[in-house]
Amino acid sequence: LNYQLKSAETRLSAQFKDGDALLAISKNPDSPRLRDFLLRRKDYTIFHATITGMGGSVIEPGVAPAEHAIMGVHDLIKAGFPADHVVLRIDPIVPTPKGIRTAKAVVDAASDLLPGVTRLRFSFIDGYRGIKSMLPWSSFHAPAERQAEAMAMLKSSRFTLEACGEPQLK
């Protein structure tokens, strides 16, 4: 993260022009350095906070737990970053009973702790080579009925939903 931020700061300083905008995406929204980076650019930055709820699992072993990430977004907003510049990403959702419960826990916690955040961007996990053996289905995409269960949970939330890489849902 530190290398990526330093590299981004260098490129932005050299190439950023008046009127440009920045889209920042991170799975580490509780990083103080990222917070400082975003706060200095808050007027022209949209921040996608990717919080799947699987931090520390075999799927995301180097990612912080959801509670830390959500509190990082909360602290960022409290420090002055506009809540309407934040997009919560649950990307990907693993549409199994456990995966849907995990995504729901993220949605519920974000609903409570991030009241000004209104956008939720999501996708469903696909069976790429490195992950396929961990999934309980053999097709590349999750079965439609499992996706429908996850969609029902998401639609019951207060968030405006945005599908990412899910052409069947657009």
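Every value quoted in this text rests on a predicted model; they were computed, and no experiment measured them.

**Details of the overall build of the protein chain**
Here is step 1: Counting secondary structure elements, the protein chain contains 5 helices and 5 strands.
Here is step 2: Its helices and strands taken in sequence order, the protein chain reads α-β-α-β-α-β-α-β-α-β from the N to the C terminus.
Here is step 3: Compactness check: the protein chain gives a C-alpha radius of gyration of 17 Å against a globular reference of 15 Å for 170 residues, within 12% of the reference.
Here is step 4: Expressed as a percentage of its 170 residues, the buried residues of the protein chain come to 45%.
Here is step 5: In the protein chain, the share of contacts with a sequence separation of at least 24, taken over all contacts with a separation of at least 6, comes to 71%.
Here is step 6: Carbon and sulfur atoms form 55% of the exposed surface of the protein chain, whose accessible area is close to 9,100 Å².
Here is step 7: Each charge class in the protein chain can be summarised by its mean position, and for the 22 positive and 18 negative side chains these summaries are 4 Å apart.

**Topic: the nonpolar core**
Here is step 1: Among the nonpolar cores identified, the biggest contains 36 residues, and Phe47 and Ile51 are the most heavily contacted of them.
Here is step 2: Residue assignment for this core shows that the elements contributing at least two residues are strand S1 (22-26), helix H2 (32-40), strand S2 (45-50), helix H3 (66-78), strand S3 (86-93), helix H4 (97-113), strand S4 (119-124) and helix H5 (144-155).
Here is step 3: The contact partners of Phe47, leaving out residues within four places of it in the chain, are Ala24, Ile25, Ser26, Pro29, Leu34, Leu38, Val73, Leu76, Phe81, His85, Val86 and Val87.
Here is step 4: Ranked by size, the runner-up nonpolar core spans 7 residues in total, among them Ile125, Ile131, Leu135 and Trp137.

**A short note on H4**
Here is step 1: Its 17 residues give H4 an end-to-end C-alpha distance of 24 Å, which sits within 8% of 24 Å, the value for a rise of 1.5 Å per residue.
Here is step 2: If you check which residues of H4 are buried, you get Gly99, Ile100, Thr102, Ala103, Val106, Val107 and Ala110. Angular distribution of buried residues about the axis of H4 spans 160 degrees; they occupy a single face of the element. Exposed positions of H4 whose direction lies more than 90 degrees from the buried face are Lys98, Arg101 and Asp112.

**Describing the side chain of Ser157**
Here is step 1: Tracing the sequence through the fold places Ser157 in the loop between H5 and strand S5 (160-163).
Here is step 2: With a relative accessible area of 17%, Ser157 lands in the buried category.
Here is step 3: At 2.7 Å, the side chain of Ser157 forms a polar contact with the backbone oxygen of Leu154.
Here is step 4: Only 3.3 Å separates the side chain of Ser157 from the backbone nitrogen of Phe159, close enough to count as a polar contact.

**Observations regarding the pattern of salt bridges**
Here is step 1: Inspection of the entire model under this criterion finds 5 salt bridges.
Here is step 2: The partner of Lys27 in a salt bridge is Glu60, with the nearest N and O atoms 2.6 Å apart. Residue Lys27 is found in the loop between S1 and H2, and its partner Glu60 is found in the loop between S2 and H3; the two are separated by 33 residues along the sequence.
Here is step 3: In this structure Lys27 comes out as partly exposed when scored by relative accessible area, which is 35%.
Here is step 4: Between Glu162 and Arg119 there is a salt bridge, with the nearest N and O atoms lying 2.5 Å from each other. With Glu162 in strand S5 and Arg119 in strand S4, the pair connects residues that are 43 residues apart, well separated along the chain.
Here is step 5: You can call Glu162 buried: its relative accessible area is 18%.
Here is step 6: Overall, Arg119 belongs to the partly exposed group, its relative accessible area being 27%.

**A closer look at the packing of aromatic side chains**
Each aromatic ring pair is characterised by the separation of its centres together with the angle its planes make.
Here is step 1: Under the criterion given, the structure shown has 2 aromatic pairs.
Here is step 2: Arranged with centres 5.7 Å apart and planes meeting at 65 degrees, the rings of Phe122 and Phe124 form a pair that is edge-to-face.
Here is step 3: With relative accessibility at 2%, the residue Phe122 sits in the buried group.
Here is step 4: Overall, the relative accessible area of 3% leaves Phe124 in the buried class.
Here is step 5: Seen from their ring centres, Tyr128 and Phe140 are 4.8 Å apart, and the 85 degrees between their planes marks the pair as edge-to-face. Remark: Phe140 occurs in the loop between S4 and H5 and Tyr128 occurs in the loop between S4 and H5; sequence separation between them is 12 residues.
Here is step 6: What makes Tyr128 exposed here is its relative accessible area of 53%.

The rules behind these values
- Residues numbered from 1 in each chain as written.
- Predicted model: local features only at pLDDT ≥ 70, side-chain atom pairs only at ≥ 80, totals over all residues.
- Heavy atoms only, no water.
- Helix = DSSP H or I, 4+ residues; strand = E, 2+ residues; numbered from the N terminus.
- Rg over C-alpha atoms; globule rule 2.2 N^0.38 Å.
- Buried < 20%, exposed > 50% of the residue type's maximum accessible area, 1.4 Å probe, protein only.
- Contact = heavy atoms within 4.5 Å.
- Areas by Shrake-Rupley, 256 points an atom, 1.4 Å probe, with all protein chains shown as cover.
- Lys, Arg positive; Asp, Glu negative; His and termini not counted.
- Charge placed at Lys NZ, Arg CZ, Asp CG, Glu CD.
- Core = buried A, V, L, I, M, F, W, Y, C linked by side-chain atoms within 4.5 Å.
- Expected span 1.5 Å × (residues − 1).
- Arc of directions from axis to C-beta.
- Polar contact = N/O pair within 3.5 Å; in protein donor to acceptor, adjacent residues only side chain to side chain.
- Salt bridge = Lys/Arg side-chain N within 4 Å of Asp/Glu carboxyl O.
- Phe/Tyr/Trp six-rings, centres within 6.5 Å; stacked < 30°, edge-to-face > 60°.

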